[in-house]
Amino acid sequence: MTAQTTDTMMNRVLRQPWGLWWLQARRLTRIEVRRNLFSWKATWVYFLAFVPAVIILIHAVFETHPTFAMSEDTDVLAGIVQFYYIRLGIFFGCLGIYSRLIRGEMIERSLHFYLLSPVRREVLLLAKFAAGSISALLLFGSAMIFSFALMYLPYGAAGHDYVFNGPGLGQLEAYLAIVALACLGYGAVFLLLSMVFRNPTPAAMIVLGWETINPVLPSLLQKISVASYLRHLMPISVPGDGIFALLSIETEPVPGWAAALGLLALIAVVLTYSCYRIRRLEIRYTTE
């Protein structure tokens, strides 16, 4: 590539209306966040996010909490993140949030208003992804914080010492990072599926099966999975029993930073292809 070609490409990039696109993206994101969080259709997503916190609250109120039981409750919390949030709660919550962003508006026959407006389709797609990510992070992130606080609050001074003078805060940071990356990863996948398939649910079930059997696949295929990266970020690994043993198979250890970067790269690839797909998206309401 010559210097002249490089200068031409740079000038073309700099001439793009980045300020206008940023303004459009922000306004679209605000609209979509309100629709995601303050709609009766989001009720079941709230349930998926906060049901562990409710169960932990019942445990905190009605059970005794001797200090020696703290390690067991720590393993229980790790199991909730490892087996519930990553594999079920966030998976189906993101399916509900992100599939409505494109396919839901097709079913409601309202997406064409966006497509006919003077907004680049890539800006529209990335704004919807940002709105879905903010909604999912607010719901599942706050639920994770509540669950963590309710788990150690009944232990009083011992719980305070574990959190602020022991490994507690580090574990909470790891759990929040896992929740954030899970929301982004599953969100990118389901946003793409909502454009490719008229009904993304069967495809999502295939993805769930793939995520389940991923630990026993060759290492190259394991990289095409969200959960495969997340399990390397777990501060505490809980062995599974029965069918859950498949979800906790030990694989080659990967540094946390490498797992996070690998998942972010996977998200970038999926979003890039999604931008390509939305440029060729056609709406035929008669077939929806």
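Trainee: Outline empty space enclosed by the protein, supporting the account with residue identities and numerical values.
Mentor: In this structure the tally under the stated criterion is 2 cavities of 30 Å³ or more. Forming the boundary of the second largest cavity are Glu32, Arg35, Asn36, Arg100, Leu101 and Glu105.

Trainee: Can you lay out a nonpolar patch on the surface for me, pointing to particular residues and giving the numbers?
Mentor: A grouping of Val54, Leu57, Ile58, Val61 and Phe62 is seen on the molecular surface, where their side chains present a nonpolar patch of about 510 Å² in accessible area. Looking at the secondary structure, you find Leu57 in helix α3 (residues 43-62).

Trainee: Residue-level account of the packing of aromatic side chains, with values.
Mentor: Here the distance between the centres and the angle between the planes together describe a pair of aromatic rings. Evaluated as defined, the whole model comprises 11 aromatic pairs. Arranged with centres 5.2 Å apart and planes meeting at 75 degrees, the rings of Phe91 and Tyr186 form a pair that is edge-to-face. With Phe91 in helix α4 (residues 70-107) and Tyr186 in helix α8 (residues 168-196), this pair connects stretches of sequence that are 95 residues apart. Taking the relative accessible area as the measure of exposure, Phe91 reaches 0% and is therefore buried. Seen in terms of ring centroids, Phe148 and Tyr152 are 5.0 Å apart; in terms of plane orientation they differ by 55 degrees. Their pairing is tilted. Taken together, the residues span about one helical turn, with Phe148 and Tyr152 both in helix α6 (residues 121-152) at a distance of 4 residues. Among the aromatic residues, ring-to-ring pairing joins Phe91, Phe92, Tyr186 and Phe190 into one connected group.

Trainee: Which residues make up the layout of surface pockets, and what values do they have?
Mentor: Considered as a void within the structure, the largest pocket measures approximately 310 Å³ in volume. Lining the largest pocket are 21 residues, with Trp44, Leu95, Gly96, Ser99 and Arg100 sitting closest to its centre.

Trainee: A description of the environment of Arg280 should follow, citing residues and the corresponding values.
Mentor: On the secondary structure map, Arg280 appears in the segment after α12 (256-279). Residue Arg280 is classed as exposed on the basis of its relative accessible area, which comes to 52%. On a C-alpha basis, the gap between Arg280 and Arg121 in space is 9.5 Å, while along the polypeptide they are 159 residues apart. Polar side-chain contacts of Arg280 include one of 3.4 Å to the backbone oxygen of Tyr276.

Trainee: Tell me about the environment of Phe91, and please be specific about residues and values.
Mentor: In this structure, the C-alpha to C-alpha distance between Phe91 and Leu208, residues 117 residues apart in sequence, is 8.2 Å. Other than its neighbours up to four places away in sequence, Phe91 contacts Tyr85, Ile86, Tyr186, Phe190, Ala204, Met205, Val207 and Leu208.

Cut-offs and rules
- Residues numbered from 1 in each chain as written.
- Predicted model: local features only at pLDDT ≥ 70, side-chain atom pairs only at ≥ 80, totals over all residues.
- Heavy atoms only, no water.
- 1 Å grid on protein atoms, 1.4 Å probe; cavity = no way out; pocket = protein on both sides within 12 Å on 5 of 7 lines; lining within 4 Å.
- Points joined across faces, edges and corners; volume = space filled by probe spheres on them.
- Patch = residues over 30% accessible without salt bridge, like charges linked within 9 Å, V, L, I, M, F, W, Y side chains within 5 Å.
- Areas by Shrake-Rupley, 256 points an atom, 1.4 Å probe, with all protein chains shown as cover.
- Salt bridge = Lys/Arg side-chain N within 4 Å of Asp/Glu carboxyl O.
- Helix = DSSP H or I, 4+ residues; strand = E, 2+ residues; numbered from the N terminus.
- Phe/Tyr/Trp six-rings, centres within 6.5 Å; stacked < 30°, edge-to-face > 60°.
- Buried < 20%, exposed > 50% of the residue type's maximum accessible area, 1.4 Å probe, protein only.
- Polar contact = N/O pair within 3.5 Å; in protein donor to acceptor, adjacent residues only side chain to side chain.
- Contact = heavy atoms within 4.5 Å.

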